[in-house]
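Architecture at a glance
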Amino acid sequence: MTSTTILTLLLVFSFAIGRFLRRFDTPHFVFSGMIYLVFGLLLGSTLGFGLLTEEILYKLEPMTDLLTGIAGFLLGLRVRVLMQNKRSFLSGTLTATASFVFTAIALFFLAPFVVNFADITLNLSPLKGIAIGDNVVLAFLNLSEVNRHQLWFALGAGATACSISLLSLGTVSKFNKNSSEITRVLSIIAPTGQLVAVSFLGVFLALARADTSSSTLQISMGTWFVVVLLSGLLCGLLFSLFIGRQSDEKRILLAALGAIIFAAGLGTLLNVSALFVCFITGLTISVFSSYAPILKESLIRLEEPVFVLLLVIGGAFWKPALNSGWLLPVAYFAVRAVVFSGLAQVIHKQITNRQLTRLGQGLLGQDLIAVAVALSLSKQFPTLAQLFLTTVLGSIFFNDIVANSLLKKVILDNEQAIEAEPIIIEDEPS
């Protein structure tokens, strides 16, 4: 079967599933990331039928970059709405950052017991500084005694841990996101965690690839680093300049798709994730363009097909093995569960002065953005690819067992927690 035929079948399958999910009130198992991961494994060459071989997956890399770019762009379009709920946004940011810190530290110290990083060879030069010109130092990091492979794995996995499922919030609960306080808060904190995850991803990939990428493009390291930070912003501004005062919805959508393709290609060229550059592009349009609501309404239909395709491709890339490496997804899942369960409710109460029962237990799910971040890390760190995929994709299996049922219970418990006021019986007039 040719790569074109396989690509066509994958696209038809993902859009058919996406249309089904949009049209019907589907049961939870249809939205389960585990199903599409297993489907990808069955199509792959490691445990499956070998339809998606390494050669075909290599040919599909541009499509994978585009899919991750679309996911990042859709997330960026939500920024304006998130900023309108400043307290919940701040609560989500602090909670996601805490998850990153604890997960990164835990995996940094645990990973050497599972993997011998000294045997892994990466074409990464020591990170000593990033400077603009010869005199102005932008950043300095003295890590001469730290194994770079171990460091980037811990930081990358920590960034992925910030991501919180957004799709399951609307499906498992079967509630309107604006119907109660708990669903409103969850609908803000979930994409905020994804925003933090993608931001960390961009920073870490920029730092990890600064030296090699700037040498390839024959520009100074400082200039290259600034270009990475501004590339998404420029793509967003180019969209605004191109569209002008046009109000035709088809032309707006065409311009947005062009911006996504250009931003994804630019992210690949700069050796940072298309996910990050497209996220900055969407963020710029969300903040500065009046067409952001139109784009969000039109492109949101792509969310489910992208969700399905990325999980299938991620499963095909993944080469799981029965070894000690499964300690990493177990630790990853356990640390996230403890951090979110223990800190999310406390942080939210301190910032908003509102009490929500077991808030953190509704934030354990992961799917679309987590897989996109894992695939981005795998592409930039090829020798660590299976370590990232096993850690993140393996934890999705644990998430599917408990996360969605906990989410439903959290919503029901908070919606049923109604204060009972005493009933005052007035004396009847004589």
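Residues numbered from 1 in each chain as written. Predicted model: local features only at pLDDT ≥ 70, side-chain atom pairs only at ≥ 80, totals over all residues. Heavy atoms only, no water.

Quick look at the overall build of the chain now. Across its full length, the chain holds 17 helices and 2 strands. Of all 430 residues assigned to the chain, the portion counted as buried reaches 54%. Residue pairs in contact within the chain that sit at least 24 positions apart in sequence constitute 82% of those at least 6 positions apart. Split by element, the accessible area of the chain, about 19,900 Å² in all, is 63% carbon and sulfur. (Helix = DSSP H or I, 4+ residues; strand = E, 2+ residues; numbered from the N terminus. Buried < 20%, exposed > 50% of the residue type's maximum accessible area, 1.4 Å probe, protein only. Contact = heavy atoms within 4.5 Å. Areas by Shrake-Rupley, 256 points an atom, 1.4 Å probe, with all protein chains shown as cover.)

Turning next to the nonpolar core. Of all hydrophobic cores here, the largest spans 109 residues; its most connected members are L52, F73, F153 and F239. The element best represented in this core is helix α9 (residues 181-216), accounting for 11 residues. Residues I182, V185, A337 and A403 belong to the second largest nonpolar core, which totals 17 residues. (Core = buried A, V, L, I, M, F, W, Y, C linked by side-chain atoms within 4.5 Å.)

The next thing to look at is the packing of helix α7 (residues 148-161) against helix α15 (residues 327-352). Put simply, α7 and α15 touch, their axes get as near as 11 Å, and they point 50 degrees apart. Compared by their axis directions, α7 and α15 come out oblique. Taken as a pair, α7 and α15 cross one another with a handedness that is right-handed. Of the residues in α15, those touching α7 at F153, A157, T160 and A161 are L328, Y332, R336 and F340. Looking at the contact of α7 with α15 residue by residue, the class counts come to 6 nonpolar, 1 polar and 1 charged. (Axes fitted to C-alpha atoms, helices over the stretch in contact; angles between N-to-C directions. Parallel < 35°, antiparallel > 145°, perpendicular 65-115°, else oblique. Left-handed = near helix turned anticlockwise from the far one by under 90°. Nonpolar A, V, L, I, M, F, W, Y, C, P; charged D, E, K, R; others polar.)

Here we come to the pattern of salt bridges. Tallied over the full model, the rule gives 5 salt bridges. The salt bridge involving K319 is made with E54; its shortest N-O contact spans 2.4 Å. Here K319 is found in the loop between α14 (303-317) and α15, whereas its partner E54 is found in helix α3 (residues 54-59), with 265 residues between them in sequence. Residue class for K319 comes out partly exposed when judged on its relative accessible area of 35%. For the salt bridge of D65 with K379, the shortest nitrogen-to-oxygen distance reads 2.5 Å. Of this pair, D65 sits in helix α4 (residues 61-77) while K379 sits in helix α16 (residues 368-380), and the two are 314 residues apart along the sequence. Given the relative accessible area of 14%, D65 is considered buried. For K379, a relative accessible area of 31% puts it in the partly exposed group. (Salt bridge = Lys/Arg side-chain N within 4 Å of Asp/Glu carboxyl O.)

This part is about the environment of L195. In this structure, L195 sits in helix α9. In the structure, L195 is positioned 33 residues away from C162 in sequence and 8.5 Å away in space, judged by C-alpha atoms. Residues in contact with L195, not counting those within four places in the same chain, are L75, V79, L82, F89 and F279.

We now examine the environment of V115. Along the chain, V115 turns up in the loop between α6 (86-114) and β1 (129-132). Counting along the chain gives 210 residues from V115 to G325, while the straight-line C-alpha distance between them is 7.5 Å.

Bringing the packing of α15 against helix α17 (residues 385-416) into the picture now. Close contact between α15 and α17 brings their axes to 8 Å; oriented N to C, the two are set at 55 degrees. Taken as axis vectors, α15 and α17 run oblique relative to one another. Like other packed secondary-structure pairs, α15 and α17 cross with a definite hand, here right-handed. On the side of α15, the interface is formed by L328, P329, V330, Y332, F333 and R336, while α17 contributes L387, T390, T391, G394, S395, F398, N399 and V402. Split by residue class, the contact of α15 with α17 holds 8 nonpolar, 5 polar and 1 charged.

What follows deals with the packing of aromatic side chains. In this description, an aromatic ring pair is defined by two values, namely the gap between the centres and the angle between the planes. Counted according to the given criterion, the structure contains 10 aromatic pairs. Ring plane angle 5 degrees and centroid distance 5.7 Å describe the contact between F200 and F204, whose orientation is recorded as stacked. On the criterion of helical spacing, the pair formed by F200 and F204 is a turn pair, its members being 4 residues apart in helix α9. The buried category is assigned to F204, whose relative accessible area is 12%. When the ring of W318 is compared with that of W326, the centres are 5.9 Å apart and the planes differ by 50 degrees; the resulting orientation is tilted. Here W318 falls in the buried class, since its relative accessible area comes to 2%. (Phe/Tyr/Trp six-rings, centres within 6.5 Å; stacked < 30°, edge-to-face > 60°.)

Moving on: the side chain of Q150. With respect to the helices and strands, Q150 occurs in helix α7. Once you skip the residues sitting within four places of it in the chain, Q150 turns out to touch F108, P112 and F117.

Among the residues making up helix α13 (residues 292-299), those that are buried are A292, L295, S298 and L299. All buried residues of α13 fall inside an arc of 135 degrees around its axis, so they share one side. (Arc of directions from axis to C-beta.)

To continue, consider a nonpolar patch on the surface. Together, L229, L230, L234, L237, V287 and F288 line one region of the surface with nonpolar side chains, adding up to about 550 Å² of accessible area. If you list the elements that add at least two residues to the nonpolar patch, you get α10 (221-243) and α12 (274-288). Considering each element in turn, the nonpolar patch owes the most residues, 4 residues, to α10. Mapped onto the fold, V287 is located in helix α12. (Patch = residues over 30% accessible without salt bridge, like charges linked within 9 Å, V, L, I, M, F, W, Y side chains within 5 Å.)

A few words on the confidence of the model for the chain. Mean pLDDT for the chain: 78, with 78% of residues reaching 70 or above. Considering only residues more than four positions removed or in separate chains, one finds that residues 25-30, a stretch of pLDDT under 50, has 13 contacts. A low-confidence stretch, residues 169-177 (pLDDT under 50), is modelled with 26 contacts involving residues beyond four sequence positions or located in other chains. (pLDDT = per-residue confidence, 0-100.)

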